[in-house]
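Fold and geometry: a report
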Amino acid sequence: GMEISFIAKPFYNFTVTADYGFTDAKFVKNLTQVVVNEGGKRTLADRDFKDKRVPFAPKHTLHLATCYKADLSGGHALTFYVDYTGMGRIYFTEANDVYQNLYGLLDGRISYSFGKSSSMKRGYTNMEVALWCRNILNKDYALFYFDTTSSGFMQKGRGIQAGIDLRIKFNR
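Heads up: these notes are all about the structure in this document.

How each quantity is defined
- Residues numbered from 1 in each chain as written.
- Predicted model: local features only at pLDDT ≥ 70, side-chain atom pairs only at ≥ 80, totals over all residues.
- Heavy atoms only, no water.
- Helix = DSSP H or I, 4+ residues; strand = E, 2+ residues; numbered from the N terminus.
- Buried < 20%, exposed > 50% of the residue type's maximum accessible area, 1.4 Å probe, protein only.
- Pairing = 2+ DSSP bridges.
- Core = buried A, V, L, I, M, F, W, Y, C linked by side-chain atoms within 4.5 Å.
- Contact = heavy atoms within 4.5 Å.
- Disulfide = S-S within 2.5 Å.
- Patch = residues over 30% accessible without salt bridge, like charges linked within 9 Å, V, L, I, M, F, W, Y side chains within 5 Å.
- Areas by Shrake-Rupley, 256 points an atom, 1.4 Å probe, with all protein chains shown as cover.
- Salt bridge = Lys/Arg side-chain N within 4 Å of Asp/Glu carboxyl O.
- Polar contact = N/O pair within 3.5 Å; in protein donor to acceptor, adjacent residues only side chain to side chain.
- Phe/Tyr/Trp six-rings, centres within 6.5 Å; stacked < 30°, edge-to-face > 60°.
- Lys NZ or Arg CZ within 6 Å of the ring centre and 35° of its normal.

Thoughts on the overall build of the protein chain
Summing up its helical and strand segments, the protein chain has zero helices and 13 strands in all. Put simply, the protein chain runs from its N terminus to its C terminus through helices and strands in the order β-β-β-β-β-β-β-β-β-β-β-β-β. Each of the three principal axes of the protein chain carries a C-alpha extent, and together these read 80 × 35 × 30 Å. Out of the 172 residues in the protein chain, the part that is buried amounts to 26%.

Here you go:
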């Protein structure tokens, strides 16, 4: 596989990043026994998954992000951050018969940072309040899958989420 990263700062306090990953992970030889239903009777059979993709290793991954920080008076700042993460087809079984097609998640965050405070003898040096949102487009996707002898179980990824963070950094 390979990975490529790109970071650019086209102007003051603005950053753009892009990351791409490529993985061509396939089984060279993977002999195993699987349960086979033949005529209502379950038996074990040998199976070779040679040339099948390794489960949980997407062939393509992509991450794009932008961040802009607006410096304000008094050491305060307003920061805008948006990122997109894309995952190529992910196989969940050695047989490559259960998979999640390509999907992407869009996230965002807006934060306001307060600068240094002289109002407290040993006060905080920085405080930040942020609004964030994950999976803004409420994308439906499979996160995990496992197979038992009788059925499979799939865990779905989380839908849209939003929240507020408060961070305080203290000084001694």
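So, next bit.
Remarks on the pairing of strand β5 (residues 60-71)
Of the pairings in the sheet, the one linking strand β2 (residues 14-22) to β5 comprises nine bridges and is antiparallel in character. Counted as the bridge partner of Tyr20 is Leu62 from β5.

Some details on the nonpolar core
If you look at the biggest cluster of nonpolar residues, it comprises eight residues: Ile90, Phe92, Val98, Tyr103, Leu105, Tyr141, Ala142 and Tyr145. In this structure Tyr141 touches Gln100, Tyr103, Leu105, Asn135, Lys156, Gly157 and Arg158, once residues within four positions along its chain are discounted.

Focus: the state of the cysteines
Overall, the coordinates contain zero disulfides when judged by the stated rule. Free cysteine Cys67: the closest other cysteine sulfur is in Cys133, separated by 17 Å.

Here we look at a nonpolar patch on the surface
On the surface, Val129, Leu131, Ile164, Leu166, Ile168 and Phe170 cluster together into a nonpolar patch covering about 620 Å² of accessible area. Residue assignment for the nonpolar patch shows that the elements contributing at least two residues are β10 (124-134) and β13 (161-170). Tallying contributions element by element places β13 first for the nonpolar patch, with four residues. Within the secondary structure, Phe170 sits in strand β13.

Examining the pattern of salt bridges
Side chains that differ in charge, positive against negative, can pair when their charged atoms come close. Summed over the entire model, instances satisfying the criterion amount to six salt bridges. Linking Asp165 and Arg167 is a salt bridge whose minimum nitrogen-to-oxygen distance equals 3.9 Å. Judged by relative accessible area, Asp165 falls into the partly exposed class, the value being 23%. Three or more residues are tied together by salt bridges with common partners; here these are Arg109, Glu128, Asp165 and Arg167.

Considerations on the side chain of Asn135
Turning to its location among the elements, Asn135 is positioned in the loop between β10 and β11 (142-147). Asn135 gets classed as buried once you look at its relative accessible area, which sits at 4%. In this structure the side chain of Asn135 is engaged in a polar contact, spanning 2.9 Å, whose partner is the backbone oxygen of Arg158. Ignoring any residue separated from it by four or fewer positions in sequence, one finds Asn135 in contact with Leu105, Leu106, Asp107, Tyr141, Arg158, Gly159 and Ile160.

Regarding the environment of Gly152
Turning to its location among the elements, Gly152 is positioned in strand β12 (residues 152-156). Under the relative-accessibility criterion, Gly152 is labelled partly exposed at 36%. A sequence separation of 43 residues divides Gly152 from Arg109, and the C-alpha atoms of the two residues are 36 Å apart. When neighbours within four sequence positions are excluded, Gly152 is seen to be in contact with Tyr145, Phe146 and Asp147.

Examining the packing of aromatic side chains
As enumerated under the stated definition, the model contains eleven aromatic pairs in all. On the basis of an interplanar angle of 40° and a centroid distance of 6.3 Å, the ring pair of Phe92 and Tyr145 is categorised as tilted. In this pair, Phe92 is assigned in the loop between β7 (90-91) and β8 (99-100) and Tyr145 in strand β11, connecting sequence segments 53 residues apart. Each of the two residues, Phe92 as well as Tyr145, counts as buried. An aromatic cluster is built from Phe56, Phe92, Phe144, Tyr145, Phe146 and Phe153, whose rings are joined through pairwise contacts. The side chain of Arg89 reaches across the aromatic face of Tyr99, ending 4.0 Å from its centre.

Everything listed here is a matter of geometry and, on its own, says nothing about what the molecule does.
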